[in-house]
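So you can see what is in the structure, the chains are spelled out below.
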Amino acid sequence: MSAGDLLHTVTNDNLSAQRVALGRWLVRGSAAILVLVAAAQGAQVAGLRDFGFANWRPTLYAYALWSVCLCWGQVLMRGEQGKRVLFVLPAVLFVLSMAVLPLIFGLGIAFSDWNLASPTGRKFNGLANLAQMWADPFYWNALKNMVWYVLAILPEYAIAFALALLLNAEIRARKFFRVAFLLPLMLSPVAVSWMVGKSMMEIRFGPLARLARWAGWDSPSFFGSPEMARFMIMAMDAWTFIPFMMIMILAGLQAIPREVQEAARVDGASGWRGFWEVTFPLMLPVSLTAILIRIIFKLKLADIIINVTAGGPGGATDSVTSFIFREYRDRSNVGYGTLLAMVYLVLIVIAMTILMKLADRWMRPKY
Amino acid sequence: MKVELYHQAVRAGLTRRRLLQSGAGLGGMAVLGGTVLGAGLAPRAARAQSDLRAEILKIPGVGMGSPTDADWQKVGEMVLDATRANVAEGEFAGVELTFMGLNNQNLHNFLFRGFLKPWEAYTGARINWIDLAQADYNARLQQSIATGTVDFDIIEMGAPFEGDVLGKGLASEMPDWVKAQIDMDDYVGYLKAPVGTWGGKTYRISIDGDCHTFAYRKDYYDSAEFAEAWKAEGDGSDWAPPRTWAAVQAHSKFLKGRKDPLTGLDAHGFLDPLKGWGGFGFYFLEDRATAYAKHPDDPAWLFDPETMKPRVNNPAFVRAIQEVMDIMDTQPADQINADPGTTAFQQFLAGTGGMLTWWGDVGSSARTSDGSVVGDVVGFDILPGSDQVWNAASGAWEDRANEAPNMAYIGWGVYVMARVDSDAKRQKAAWSAAAHLGGKDIALWMSAYPSGFQPYRNSQFQYDEWEAAGYDRAFIEDYLGSNLDSYNHANAAIEPRIPGIFQYYSVAEDELAKGYAGQYKSAQETADAIAAAWEKITDQIGRDSQIALYKASLGL
């Protein structure tokens, strides 16, 4: 340990050789138990030998024991330094158990032919699911729809920005409007789909249909044509989530010092130039964050679609998630459904990485 | 019985003067009055069968509010004689069983708990319960089977899942004493073998019946204006409720542009649900296709039992799909986004559309639902027939009249799992519990009070019993009659009880949606796309095993 580190050390460690050895044996012993139990269970599953295990719990318990011993062993072996490790290690183990390992299992399933109705169970089938995906018009159609859904974020952002500017201005009942505009965000998308999509837009008695008829549209049909149906889904989703972007942008606007705008005005900037040259660039970091988070929300879009159109008409409103839902849940096609989700995950990771890189570049000050 | 139906009957029973004026009304009053007495009486061991049935119907009595757990227990106690005949008191002491079923509308398992409490007290066995929402049921069952974690001994299950469970040898074969106890000869026609059997062995205790019937607006056919116009513009036939799909088509086209006599809004003909419904929407295309596709000499109609080659793209189904497409322009606006829930509850019952196919719910809801405006103008029949039927064996149309009511979903049953077979005591206990729920007398109570189940035995259609219990005879005959004719039809179309049947339906819905949206060039191309998707599912699940299981389910 360097002298510098000693400044942050509460106690000076004097670790005995027995203590260090005990820690080492704890870690190694528990790891050995874990490996042995897992191997035995693996052998039983493979049909090599029956150890009498009824389920996988013994391996789970061995893993839990190893995790505890690993943490404890750090303190025994490394003293104060080990205690520091304890701030992070449980979280690492948790993430490992709850995210990394399931992801690895998920990958195994994704490359399997596993229909729950099949008597033969799960069978590894290499890249066959990928080939099936490549030739699956429903998946590509859903991906194409997702592009439209994501592009709809741009007008959503413009509306959210406008609303945020309004709510940031000195208007009457500003607090009331701030709360009122937030209300749609507090509704579950399932409630929105029933309340708006299935009730207000019901073509015979729905108030929106009546309004449309009153306005001269003889037989209003909100989900009859592909374009209209897609637009309506976008509108319902936008209505729910514009308040989210609005509140983020509003927070950003309130964080901009008033003096900046005043200085611009003194320099002779018009209202528009003041916004475009000063406010908007200053808001870029908040805007991009809001848009990125909104994209993540949008990529999960499924509930409204499942409830209102079930992906129709003819797949025009299908999202990747709603298609996977049908494939996995209605058709018990676990292997293929998992692969679709994995590919979607990879696409999202790539797209988000590119977006964040671009955002990083855009946000760098030009002056 | 459905909850809404019961409530309506109760409301009607309390306000109807006719009830008090008629002899049946006196009977009804005796029932209402007798409830207080009957409720307090302990069941007599040697009660005559007819007395027992009359007594059961007094629990709690029509018009005495919804039954409670105490009532369910009382009913369970009253029908315990059948168990006493086969099981000694305390015979199952120490046995613990797990029952997996539904909790829809606080019915199903909730009733079973009450019914089985006296059985538990008498036999000494104990039952643990797994309650599932309908939406979770399929996934839970499939996952249990696929992961080898069947953790229940008795299951409430729909017949379409028999392929998944019976086909994999997971269920226990019904002992002969159970067959005698539950009087299986009393089942309506379509629930007799091969339904409930697999490879010649019997597994299912039926507790419910299901079929699609045809509902139509009587006022359309009583309308002098329509009759006159039809005489001038029609095909020369009488203006009467259609008996064939050809007539349904002609009437639907004729009604376009006319005004509904009840609502004054646009009139429409047959209502096709053009949007999927988690697989259940495919039943409605089947309704249109069975008359063309189900040949009386052939039990199979959806797949070829020798090859599992889909028949969904044969001329019979293509004709049905084409007929849907032919009258799409007569449907209400936005019909492309209408699922079966919409066609029944938001359209037909609300006064939009002249004809519909659906389960019995529409029959009961027409009179009982607050949202229904067609209660007095709705009529029922079995599904329309055809003047031609496709013969899959000869590959040609036959000119002959044909009818084939669609037994959509077949109904709920109780099954015992094979894991109890290793222990004779547990096995007898599980079957005894299941038989207690599937008995003839308890069935009468379940069809007369809210239970979530439809009648499934011929003895449940004795209208005198209903009338004596305080129900309006005309109402109950209207509700039950159309079902009875479908159930006992000689050419009823029974769906294939093979693994993954809802996967086939689900993918068919997706392809049909594309076809209806004009993304395929023709009905044939749409049907071919469904067939191709079905072939993939068959290959994935395993063609040979599907063939074997399909044949077993057909009793071949």
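Residues numbered from 1 in each chain as written. Chains lettered and ligands numbered in written order. Predicted model: local features only at pLDDT ≥ 70, side-chain atom pairs only at ≥ 80, totals over all residues.

Considering the nonpolar core
Then step 1. Residues Ile154, Ala434 and Trp445 of chain B are the most contacted members of the largest nonpolar core, which totals 209 residues.
Then step 2. Considering every element that reaches this core, the biggest residue donor is helix H12 (residues 226-255) of chain A, with 12 residues.
Then step 3. In contact with Ile154 of chain B, other than residues within four places in its own chain, are Leu97, Phe99, Val414, Val416, Ala430, Ala433 and Ala434 of chain B.
Then step 4. Among the nonpolar cores identified, the runner-up in size contains eight residues, and Leu34, Trp66, Leu70 and Leu76 of chain A belong to it. (Core = buried A, V, L, I, M, F, W, Y, C linked by C-beta atoms within 7 Å. Buried ≥ 20, exposed ≤ 12 C-beta atoms within 10 Å, placed from the backbone. Helix = DSSP H or I, 4+ residues; strand = E, 2+ residues; numbered from the N terminus. Contact = placed C-beta atoms within 7 Å.)

Side note on the environment of Leu480 of chain B
All names here are of chain B.
Then step 1. As for its position among the elements, Leu480 is in helix H21 (residues 473-487).
Then step 2. Overall, the presence of 22 C-beta atoms within 10 Å leaves Leu480 in the buried class.
Then step 3. Through-space distance from the C-alpha of Leu480 to that of Gly360 is 8.3 Å; in sequence the pair is 120 residues apart.
Then step 4. Every residue in contact with Leu480, bar those within four places of it in the chain, is listed here: Pro455 and Phe461.

Quick notes on the interface of chain A and chain B
Then step 1. The interface is formed by 30 residues belonging to chain A together with 34 residues belonging to chain B.
Then step 2. The element best represented in the side of chain A that touches chain B is helix H16 (residues 320-330) of chain A, accounting for three residues.
Then step 3. Of the residues belonging to the side of chain A that touches chain B, the class tally is 11 nonpolar, 12 polar and seven charged. (Nonpolar A, V, L, I, M, F, W, Y, C, P; charged D, E, K, R; others polar.)

Here we look at the domain arrangement of chain A
Residues and elements named next belong to chain A.
Then step 1. According to the domain assignment, chain A consists of domain 1 (3-125) and domain 2 (137-363).
Then step 2. On the domain 2 side, the residues contacting the 10 residues of domain 1 number seven residues.
Then step 3. Counting residues per element, the side of domain 1 that touches domain 2 draws most heavily on helix H5 (residues 89-110), which supplies four residues.
Then step 4. Within the side of domain 1 that touches domain 2, the residues separate by chemical class into six nonpolar, three polar and one charged. (Domains from an automatic or database assignment.)

A closer look at the environment of Ile249 of chain A
All names here are of chain A.
Then step 1. The topology assignment puts Ile249 in helix H12.
Then step 2. Among the residues examined, Ile249 registers 24 C-beta atoms within 10 Å and is labelled buried.
Then step 3. A C-alpha to C-alpha distance of 6.5 Å links Ile249 and Phe161, two positions 88 residues apart in sequence.
Then step 4. Setting aside chain neighbours within four positions, we find Ile249 in contact with Ala160, Phe161, Ala164, Met283, Val286, Ser287 and Ala290.

Considering the confidence of the model for chain A
Then step 1. Averaged over every residue, the pLDDT of chain A is 89; the share at 70 or more is 96%.
Then step 2. Across chain A, the element-wise mean pLDDT spans from 54 in helix H1 (residues 3-6) of chain A up to 95 in helix H7 (residues 137-151) of chain A. (pLDDT = per-residue confidence, 0-100.)

Quick word on unusual backbone geometry
Then step 1. Look at the link from Gly312 of chain A to Pro313 of chain A: it is a cis peptide, with omega at 0°.
Then step 2. Within the element layout of this structure, Pro313 of chain A appears in the loop between helix H15 (303-308) and H16.
Then step 3. Omega for the bond connecting Ala193 of chain B with Pro194 of chain B falls within 30 degrees of zero, at 15°, which places this linkage in the cis form.
Then step 4. Along the chain, Pro194 of chain B falls in the loop between helix H10 (176-182) and strand E4 (197-198).
Then step 5. Residues other than glycine seldom take positive phi values, yet Met308 of chain B does so here, at roughly 65°.
Then step 6. Assignment of secondary structure puts Met308 of chain B in the loop between helix H14 (282-293) and helix H15 (315-326).
Then step 7. Not every positive phi belongs to a glycine, and Tyr409 of chain B is a case in point at roughly 80°.
Then step 8. Locating Tyr409 of chain B in the fold gives a position in the loop between strand E11 (396-402) and strand E12 (412-416).
Then step 9. Among the residues examined, Tyr409 of chain B registers 18 C-beta atoms within 10 Å and is labelled partly exposed.

Looking at the environment of Ala31 of chain A
Then step 1. Looking at the secondary structure, you find Ala31 of chain A in helix H2 (residues 17-45).
Then step 2. Taking the C-alpha atoms as reference, Ala31 of chain A lies 8.7 Å from Cys69 of chain A; in sequence the two are 38 residues apart.

Topic: the sheet that holds strand E1 (residues 96-102) of chain B
Picture the strands of a sheet paired through backbone hydrogen bonds; they go either parallel or antiparallel.
Residue and element names in this part refer to chain B.
Then step 1. Sheet architecture is open: five strands sit in the order E2-E1-E3-E12-E6, paired in mixed fashion. With partners counted over all chains shown, the strands left at the sheet margins are strand E2 (126-132) and strand E6 (205-206), one partner each.
Then step 2. As paired elements, E1 and E2 share seven bridges and run parallel to each other. For Gly101, the partnering residue across the bridge sits in E2 and is Asp131.
Then step 3. Sitting on the sheet, helix H7 (residues 109-123) is in contact with E1 and E2, with an inclination near 180° to E2. (Pairing = 2+ DSSP bridges. Axes fitted to C-alpha atoms, helices over the stretch in contact; angles between N-to-C directions.)

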